Every structure is written in structure tokens, then in C-alpha cells.
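Given next are the chains, with one letter for each unit.
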Amino acid sequence: WLFLHYRLQWAERGASVGEILAAGLWLSLITAVATLSKENGALLPWLLAVVEVTLFRGQWRGARSRVLARVGWLLLGLPLLLMAMILIIRPEIFTSGYQLRDFDLVERLMTQARLLWHYLGWLLLPDITAMGFQHDDIPLSGGLLQPWTTLLALLAWVGLTAAALLLRRQYPMLLFALLVFAVGHVMESSVLALEMVFEHRNYLPSVGICLLIGWCLGSNRQWLGRLDARVPMGLAIGGLLTLLIIRCHTWSDDMLLARTNVVNHPDSARAQYMYSHALLKEFNELRADSHSAEQSRALMVAVRRHLLRMEEKTNEGVAAAAMLLYIDSNYFPGLPSPVDWFSVLENVFQHRVLQASDMAALTLALECAGTGACDVQSQRIDGLLDRLIRRNPNEVRLLLAKYQHLVNTEAPLTQRLVPLDRAATIAPGHASVQHYRIVERGRAGDVAGMYQVAGTWLAHDPDRRYLPLIKSMFEIPGQSP
């Protein structure tokens, strides 16, 4: 809005240096604040270049300036040039994040070519059965013909872009909408190693598409003269409102949302997991309220069924295997042909890169095995943890898991301190690490060591956020710390 406020005036009468400076300062401030609110706020300057190229086209003081028009195109292409230079000179800036993903940069870019058509389809045809919280049922593009729609999607984007460029003088809003849509998706749908798809990424890019639709409806006066516009607009708004009410109702309840996602996306492993998690939560609530054993068991059977479906949908089902290990050990110990779910975990982690989402599942499996609730030999737990730590030497959570396992097996103090001290070297300000280090030295009666650890902890806690916790660890009952 601010850019248009200034630019419309400059198109007619030009601008002074002071006006250009004021506009630049305001836009810089707004861009900074937008970026601090959400990262894709940094796209604002690029979107302004889109507006300049497609709508103003170098218009200045009542005439077209070729120099200004060329500068606009230069600014539009500059971010793409910078990204290309980074990929050539320092590719690790973009590619390092893919070590934690099950796809690489090329696969992501090819898949995004298809996903952008999904995003566009959700705007033009808002089918709520196609929407959902998880979209991991959309297959990756392993090549131009794997699936073949990858090549079709790329060719369609090339064709649409060429048409918009050729028709930019006659229909400028077409190129405007296309570029706003593309630029709006660049940060989250291009080279960065983010999750493949989320519906909320479509919010900002949808602005260009909605303006194009509005322009098409408002610019054709012939149909407006023959048809009362209130009828189709009322039907459209009423239909969208109905869909919105249904969606809001779905999102108003965790169980309903999880069940709807499973119905609409039966091939989504994450949808199966979220529904099983919701069922498990309901199972725990029923058991706490002393409901019938039959009703509780029926819920647990449903939990297991959906976890098995999740395990079938993914080749590396860490979460499913961990949950099934816990459930089969505690609720279905008499299965005729039990699956060794811990072996499944061991096989998965032979070639899988440890991901952030794996830690919660791995922690559950280790706790179940470490406390004896799951029948797993201590040596197997040791072996799995040691392999993971060797492959991820700086992962503090693995070192804490190793420490907890040593506690569960009543290992001697010298062994328990090894993973803790190593984790403290990696993350000296980590609260859990330093807390356990103080506890262990307190158990050994090493008061001097407790104070030494506390001093190290405080040295890395300049805001003294953890000072109350530290003080409480040195309290003697009935005395001030």
C-alpha cells in the first residue's frame, strides 16, 4: 500500500530525492518488521519489483522510461541470480539441511513443480476433502517421469509463464498474479530444506490469484450488464462460508480432526499416527475414569490397527515401530506371531539419518526397554545407542538417552558421568545436562563438584534464568539455601 501510494504519484509527476529517500526508509522499516514477524516478510522488496514490472512498467512523469523499466526487470531477476550464485559457489548453504531429509535438492524442486499446481487448485477449487494437516501422501518426484506428471507440471509452468509474458501488455494482471504466486512461494517451496507442503504457505501467494479473479470479474462489463452480479457472488460467498463452517467444526475437536484427516488422506502415514495418538489419549482418559475393560481394549485395538497402517505406509516408520513396541509389550503380550519391533528400529537406523521427529519415538522405546516394560536385552539398547552416538556425536539428546539408560541399568557413577560430561562440553548451557551433573555429584557426596558444575552452568546463563533451580538443588530441608 505504501509503495503504491508513492508510485502512483511518481508515475504522473515524478519524485524528489526526499520523497524517494522517505519511501525507501519506510519500506526498509516495514520489511524488517515483517521479516521479524514471519520470515517470508523478507519477500516484500521482491514483490514490489513484481508490481513495478507488471503494472507500472517504467511509467514516470506521464511517460514510459526505458531505463526504469529495465531496472525493474533487473531487480526482479536479481534474487534468482543470487540464489544461482550461492548454489555454484557455496552450495552447502542450501544443501546442508537435506542431511535431515529423505529427499535431496533436485527431488524437492521437481516435487514442488507439482505441488504448486496443488496450491493453485486449492485456491480455484477449494475441495476441503483434499485439504488437511498432513500431505505426506503426495509422492516425491524421483525423476521427470517418476511420476510422469512431474514433466507435465514443469512444461505447464513454462507454457503459462511464456503466455503471461507475451500477453503482458494486453493482460498485465495475468503476469502480475503469476509472479506474485511464484515469488510468494519461493522461500518455502524452492531450495530451502523445509517440509514439502503445508497449506498455510498458500496465504501470501493467494493474493495475486484473488486479485486476478476480481479483475476478471470486474473488467468484463458485458456479462455484468446482462446478469445481476449479486446472484453469483452471493452463491460463491455462501458456498465458501459453508465450507469454512465445516472446516472450523472439524478443527474444533482433536479427535474429529484426526479422524477426518485419516478419512481424507488414508495413505498418509502422519495422519494414521495422529489418529492413533488421539485414540491413545482417549484410551488413557477412559481408563482413568474406570470405564469398562472391553471399551478400553477396543480403543487399544484401534490404536494398534492405525499404527500398523502407518508402518505399512512408510519404509522407515520409527514412530510406529516405537509405539508398537510399547503397545504390544504392555497390552498384547500374547500375540501368536509377535513382531520384534526393536529389531525394526535397529534395521531402520542402520541407514536412516537421525531426524528431530525420531527423538520422541526413540525416547519412548528406550524408556520402555530400560524400565523393563518391554522385553529388550540391555546389550541391544547399548548397541543401538552407541551406533547412533557414533553417527551423531554432537546430538545432546542421544547422550542424555545414554545416561538415562545407564541409570536404569544401575551402572556405576563413573560410567554415568561419561555421556553427561561429553554433553556438557558440547552444550555447556543445557539445563538438563547440568542438572543431572549436579545430581550425580550430589549422590556421590562431591559437594565441591556440585559447586563447580553450578559455576559452569551460571557462566553460560547470563540472564540467570536457571538460578532458582540451581538454588533449590542446594537447599537443606528446614534451612535457607
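Residues numbered from 1 in each chain as written. Predicted model: local features only at pLDDT ≥ 70, side-chain atom pairs only at ≥ 80, totals over all residues. Heavy atoms only, no water.

**Side note on the overall build of the protein chain**
- Counting secondary structure elements, the protein chain contains 23 helices and two strands.
- Against the 2.2 N^0.38 benchmark of 23 Å for 481 residues, the protein chain shows a C-alpha radius of gyration of 29 Å, more extended than a compact globule.
- Its C-alpha atoms put the protein chain at 85 × 55 × 50 Å along the principal axes.
- Classification of the 481 residues of the protein chain by burial places 39% in the buried group.
- Sequence-distant contacts in the protein chain: of pairs separated by 6 or more residues, those separated by 24 or more amount to 63%. (Helix = DSSP H or I, 4+ residues; strand = E, 2+ residues; numbered from the N terminus. Rg over C-alpha atoms; globule rule 2.2 N^0.38 Å. Buried < 20%, exposed > 50% of the residue type's maximum accessible area, 1.4 Å probe, protein only. Contact = heavy atoms within 4.5 Å.)

**Some remarks on the pattern of salt bridges**
- Applying the stated criterion across every chain, the model contains 17 salt bridges.
- Linking Glu 188 and Lys 38 is a salt bridge whose minimum nitrogen-to-oxygen distance equals 3.3 Å. Here Lys 38 lies in the loop between helix 2 (17-37) and helix 3 (44-56) and Glu 188 lies in the loop between helix 8 (172-186) and helix 9 (206-219), a separation of 150 residues in the sequence.
- Under the relative-accessibility criterion, Lys 38 is labelled partly exposed at 38%.
- The partner of Glu 195 in a salt bridge is Arg 270, and the shortest N-O contact between them spans 3.1 Å. Of this pair, Glu 195 sits in the loop between helix 8 and helix 9 while Arg 270 sits in helix 13 (residues 269-288), and the two are 75 residues apart along the sequence.
- The class for Glu 195 is partly exposed, based on a relative accessible area of 24%. (Salt bridge = Lys/Arg side-chain N within 4 Å of Asp/Glu carboxyl O.)

**Some words on a positive patch on the surface**
- Judged by side-chain charge, Arg 64, Arg 66, Arg 70, Arg 168 and Arg 169 come together as a positively charged surface patch.
- Within the fold, Arg 169 resides in the loop between helix 7 (149-166) and helix 8. (Patch = residues over 30% accessible without salt bridge, like charges linked within 9 Å, V, L, I, M, F, W, Y side chains within 5 Å. Areas by Shrake-Rupley, 256 points an atom, 1.4 Å probe, with all protein chains shown as cover. Lys, Arg positive; Asp, Glu negative; His and termini not counted. Charge placed at Lys NZ, Arg CZ, Asp CG, Glu CD.)

**Quick look at the nonpolar core**
- Formed by 60 residues in total, the largest nonpolar core has its most connected members in Met 300, Ile 327, Phe 349 and Leu 362.
- Broken down by element, this core gets its largest block of residues, ten residues, from helix 15 (residues 318-331).
- When near neighbours in sequence (up to four residues on either side) are disregarded, Met 300 contacts Leu 280, Phe 283, Ile 327, Tyr 331 and Phe 332. (Core = buried A, V, L, I, M, F, W, Y, C linked by side-chain atoms within 4.5 Å.)

**Quick notes on the side chain of Gln 134**
- Note that Gln 134 resides in the loop between helix 6 (105-124) and helix 7.
- Not counting residues up to four positions away in its chain, the partners in contact with Gln 134 are Asn 261, His 265, Ser 268, Arg 270, Ala 271 and Met 274.

**Focus on the environment of Pro 468**
- Assignment of secondary structure puts Pro 468 in helix 23 (residues 467-473).
- The spacing of Pro 468 and Leu 48 is 420 residues in sequence and 50 Å in space, taken between C-alpha atoms.

**What to know about the packing of helix 19 (residues 396-408) against helix 21 (residues 431-443)**
- Packing of helix 19 against helix 21 leaves a shortest axis separation of 11 Å and a crossing angle of 25°. Between helix 19 and helix 21, the angle is such that the two are roughly parallel. For the crossing formed where helix 19 meets helix 21, the hand is left-handed. Residues Val 396, Leu 400, Tyr 403, Gln 404 and Val 407 of helix 19 form the contact with helix 21, whose own contacting residues are Ser 432, Val 433, Tyr 436, Glu 440 and Arg 443.
- Taken together, the residues that form the contact of helix 19 with helix 21 break down as six nonpolar, two polar and two charged. (Axes fitted to C-alpha atoms, helices over the stretch in contact; angles between N-to-C directions. Parallel < 35°, antiparallel > 145°, perpendicular 65-115°, else oblique. Left-handed = near helix turned anticlockwise from the far one by under 90°. Nonpolar A, V, L, I, M, F, W, Y, C, P; charged D, E, K, R; others polar.)

**Thoughts on the environment of Leu 325**
- Counting through the fold element by element, Leu 325 comes out in helix 15.
- Since its relative accessible area comes to 7%, Leu 325 is described here as buried.
- Separated by 15 residues in the primary sequence, Leu 325 and Asp 340 place their C-alpha atoms 7.7 Å from one another.
- In contact with Leu 325, other than residues within four places in its own chain, are Trp 341, Phe 342, Ala 365, Cys 374 and Val 376.

**Focus: a nonpolar patch on the surface**
- On the surface, Val 67, Val 71, Leu 75, Leu 78, Leu 81, Leu 82, Met 85, Ile 88 and Ile 89 cluster together to form a nonpolar patch covering roughly 860 Å² of accessible area.
- Position of Leu 82 among the secondary structure elements: in helix 4 (residues 66-89).
- Classification of Leu 82 by relative accessible area gives partly exposed; the value is 45%.

**With respect to the packing of aromatic side chains**
- Taken as a whole and assessed by the stated rule, the structure comprises 14 aromatic pairs.
- Arranged with centres 6.3 Å apart and planes meeting at 80°, the rings of Tyr 171 and Trp 215 form a pair that is edge-to-face. Remark: Trp 215 occurs in helix 9 and Tyr 171 occurs in the loop between helix 7 and helix 8; sequence separation between them is 44 residues.
- A relative accessible area of 36% places Tyr 171 in the partly exposed class.
- Among the aromatic residues, those joined into a ring-pair cluster are Tyr 6, Trp 10 and Trp 60.
- Above the plane of the ring of Phe 332 lies Arg 304, whose end atom (NZ or CZ) is 5.8 Å from the centre. (Phe/Tyr/Trp six-rings, centres within 6.5 Å; stacked < 30°, edge-to-face > 60°. Lys NZ or Arg CZ within 6 Å of the ring centre and 35° of its normal.)

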